[in-house]
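Single-letter residue listing:
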Amino acid sequence: MLTLSERSRPIIVATLPVVGENIEEIAERFYRHLFGEHPELLDGMFNRGNQAEGTQQRALAGSVAVFASALVNHPDHLPDRLLSRVAHKHASLGVRPDQYQVVYDNLMWAIGDVLGDAVTPEVAAAWSEVYWVMAFALTNMERGMYSARGVRPEIVWRDWRVEEKFRETDDVVTFRVGRIDDRPVRTSLPGQYVTLQMLMPDGTHQPRQYSLTGADDGEGRQFSVKRVSGGGKPDGEVSNLLHDVVNVGDVVTLSLPFGDVVLDDSGRPLVFCSAGIGIAPMAGMLSNLVAAGSHFDVRVLHADLNEESFALRQQVLDDVRALPHASLHVWYEQGAEGSLPVDGRHAGWMDFSQVPLTEGAAYYLCGPMPFLQAARSGLIDRGVPPQDIQYEFFGPDLWQADTE
Ligand SMILES: Cc1cc2nc3c(=O)[nH]c(=O)nc-3n(C[C@H](O)[C@H](O)[C@H](O)COP(=O)(O)OP(=O)(O)OC[C@H]3O[C@@H](n4cnc5c(N)ncnc54)[C@H](O)[C@@H]3O)c2cc1C
Ligand code: HEM
């Protein structure tokens, strides 16, 4: 078990409040310093959209604060979900063990820069220990993931050719890519994502994650991309390039599939709750259930603006109909109109009182943060145990609700 030394523990307890108060400033200065020292990390490793929005800085700060408090308050119960989410994200980006030293050097520099004289040698030593306990946990998980897939961090990447590109809705396109060499296609677990590396007009590469929306067929992969419009802020740079520039015949680079929000195949009932493009991992899981000839009890609950904006709707409906015990219920913000023959169509926000919920089910949520928060509390209000609810969020996780 990973614990802090007796010497460091009281120092962490005493300095947690001041580090906690300043952690966002520390994280901001950390990234500025890191990219100053290592500009290559902005080419193919870090997502500059998340940096511009400040979400990655806050996610890093939040994770260190949650982890340090867990180390002092519940050393026997470390936040596994948080660690596993981060480790999967890292593996999908090919993070290497030796890079932990680089992050350490820059993080300790930022702590010193923000807290000044308060960082005595003893304080620095205690926080170094927290860092290395966390780094050790993460590198261990990542090493396990790389070795389970038979790869090294440098070779999680593979080129694929776009074989099909089709429009789902006004702002969502689906890509089917096929292999261009003879190597076997590694399997994915239902619900996982890949990182796509995009060559940008300025010559650098930008990574973005996309959930797999089709079951493995041994030949290719499928994913769906929503165009991100800035609405006053800059438009999303990778999603717009994928929509406007990447076409059939082009080559794209994808990582192996990773992600820890994956299908529970124990046979218990499954409930998928999604909003908007959050349907993507659900479509992937459904497709896998069909491919496996599953007899599980499956309920798909989906919220969207209207039927036209419901991406992957035909695929999802076909898959629901191909399963013997599955149903599809939708909520449309603009009214209950639609022609898709679903099992229930409602107007407004998703409302769990309008559908029967099965006892003992595993719940999967995916969608924008306000949807995730409302859906999780709605389920908990209806008596669903929090540990039966998992969520995928399409960005750095600033909520970390499942670390509770
Ligand atoms: C696990 C996971 C799975 C995902 N699966 C899918 C999926 O299946 N389908 C899908 O469509 N997406 C998915 N995503 C989201 C996807 O990875 C990208 O985040 C999304 O496509 C947007 O990328 P972008 O480059 O277009 O936007 P970015 O350029 O990264 O912009 C993102 C946001 O940042 C804002 N921004 C950018 N620059 C600035 C600035 N200078 N100042 C202020 N704000 C700024 C933009 O306005 C925008 O709102 C997933 C994400 C994760 C983490
Ligand atoms: C103990 C050390 C580390 C901690 C605590 C940490 C923590 C985190 C967290 C919390 C996230 C966000 C996960 C999410 O919710 O999506 C993340 C993502 C990431 N980490 Fe780390 N990390 C560490 C080390 C490293 C190292 C050594 C590297 C390699 C240089 C690295 C590169 C990244 C990248 C590229 C991302 C994705 C960023 C993005 O998409 O914006 N991390 N990390």
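Scope of this entry: the structure provided in the associated data block. (Residues numbered from 1 in each chain as written. Chains lettered and ligands numbered in written order. Predicted model: local features only at pLDDT ≥ 70, side-chain atom pairs only at ≥ 80, totals over all residues. Heavy atoms only, no water.)

## Some thoughts on the overall build of the protein chain
Filter applied, for reference: Every helix listed is a DSSP run of H or I at least four residues long, and every strand listed is a run of E at least two residues long, numbered separately from the N terminus. Only C-alpha atoms enter the radius of gyration; for comparison, a globular chain is expected to reach 2.2 Å times N to the power 0.38, where N is the number of residues. Three exposure classes are used, based on accessible area relative to the maximum for each residue type with a 1.4 Å probe and protein chains only: buried under 20%, partly exposed in between, and exposed over 50%. Between two residues, a contact is recorded if the distance between any of their heavy atoms is within 4.5 Å. Areas reported here follow the Shrake-Rupley algorithm with a probe of radius 1.4 Å; residue values treat only the protein chains shown as occluding. His is not counted, nor are the chain ends, whereas Lys and Arg count as positive and Asp and Glu as negative. A charge is said to be at NZ when it belongs to Lys, at CZ for Arg, at CG for Asp and at CD for Glu.
Along its length, the protein chain carries 10 helices and 12 strands. Taken against the 2.2 N^0.38 rule, which gives 22 Å for 404 residues, the C-alpha radius of gyration of the protein chain at 22 Å falls within 12% of a compact globule. Expressed along its principal axes, the backbone C-alpha trace of the protein chain runs to roughly 65 × 50 × 45 Å. The proportion of buried residues among the 404 residues of the protein chain is 53%. Residue pairs in contact within the protein chain that sit at least 24 positions apart in sequence constitute 73% of those at least 6 positions apart. Accessible surface for the protein chain amounts to roughly 17900 Å². Of this, 53% is attributable to carbon and sulfur atoms. Charged side chains in the protein chain number 33 positive and 55 negative. The centres of these two groups are separated by 3 Å.

## Concerning the environment of Ile 23
Summarising the element assignment, Ile 23 is placed in helix H1 (residues 8-37). Along the backbone, Ile 23 and Ala 326 are 303 residues apart, and their C-alpha atoms lie at a distance of 46 Å. Among all residues touching Ile 23, those that are not within four sequence positions of it are Ala 61 and Val 64.

## A closer look at the site of ligand 2
Here is the rule we go by: Being near a molecule or strand, for a residue, means having at least one of its heavy atoms within 4 Å of it. For this analysis, a polar contact is any N or O atom pair within 3.5 Å, provided that within protein one partner can donate a hydrogen and the other can accept it, and provided that sequence-adjacent residues contribute only side-chain to side-chain pairs. Polar here means any residue outside two lists: the nonpolar Ala, Val, Leu, Ile, Met, Phe, Trp, Tyr, Cys and Pro, and the charged Asp, Glu, Lys and Arg; Gly therefore counts as polar.
Around ligand 2, 23 residues are found, and the nearest of them are Asn 50, Arg 85, Lys 89, His 90 and Asp 397. Contact distances for ligand 2 include 2.8 Å between a nitrogen atom and a side-chain N or O atom of His 90. Looking at the shell around ligand 2 element by element, the count peaks at 5 residues for helix H4 (residues 80-93). In terms of residue class, the shell around ligand 2 is built from 14 nonpolar, 6 polar and 3 charged.

## Observations regarding the coordination of the iron atom of ligand 2
What counts here: Only nitrogen, oxygen and sulfur atoms qualify as donors, and only when within 2.8 Å of the metal (3.2 Å in the case of Na, K and Ca); with water excluded, sites may look incomplete.
For the iron atom of ligand 2, the protein contributes exactly one donor atom, His 90 (NE2), at 2.1 Å. Its place among the elements puts His 90 in helix H4.

## Regarding unusual backbone geometry
Despite not being glycine, Leu 312 shows a phi value in the positive range, around 65°. You can see Leu 312 is positioned in the loop between strand S8 (298-304) and helix H9 (313-322).

## Points about the sheet that holds strand S10 (residues 344-347)
Threshold: Two strands form a pair only when DSSP identifies at least two bridges running between them. Lines fitted to the C-alpha atoms define the axes, with helices restricted to the stretch that makes contact. Angles between their N-to-C directions range from 0 to 180 degrees.
Judged by pairing direction, the sheet is parallel, and its 6 strands sit side by side in the order S10-S9-S8-S7-S11-S12 without closing on themselves. In this open sheet, the two strands that pair with only one neighbour each are S10 and strand S12 (389-392). Averaged over all pairs of adjacent strands, the angle between their axes in this sheet comes to 15°, without regard to strand direction. Where S8 meets strand S9 (residues 326-332), 7 bridges bridge the pair, whose relative direction is parallel. Looking across to S9, one finds that Ala 303 is bridged to Trp 331. Those strands touched by helix H8 (residues 279-291) are strand S7 (270-275), S8 and strand S11 (362-366), and its axis lies near 150° from that of S7.

## Focus on the nonpolar core
Stated precisely, the cut-off is as follows: Nine residue types can take part in a nonpolar core, namely buried Ala, Val, Leu, Ile, Met, Phe, Trp, Tyr and Cys, and a core is a set of them joined through side-chain atoms within 4.5 Å.
If you look at the biggest cluster of nonpolar residues, it comprises 53 residues, and the most contacted ones within it are Ile 12, Phe 67, Trp 127 and Val 130. Of all the secondary structure elements, the ones that give two or more residues to this core are H1, helix H3 (55-73), H4, helix H5 (99-115) and helix H6 (121-149). With 12 residues, H6 is the single largest residue contributor to this core. Not counting residues up to four positions away in its chain, the partners in contact with Val 130 are Leu 4, Ile 12, Phe 67, Ala 68 and Leu 71.

By themselves, these observations are geometric and do not establish any function.
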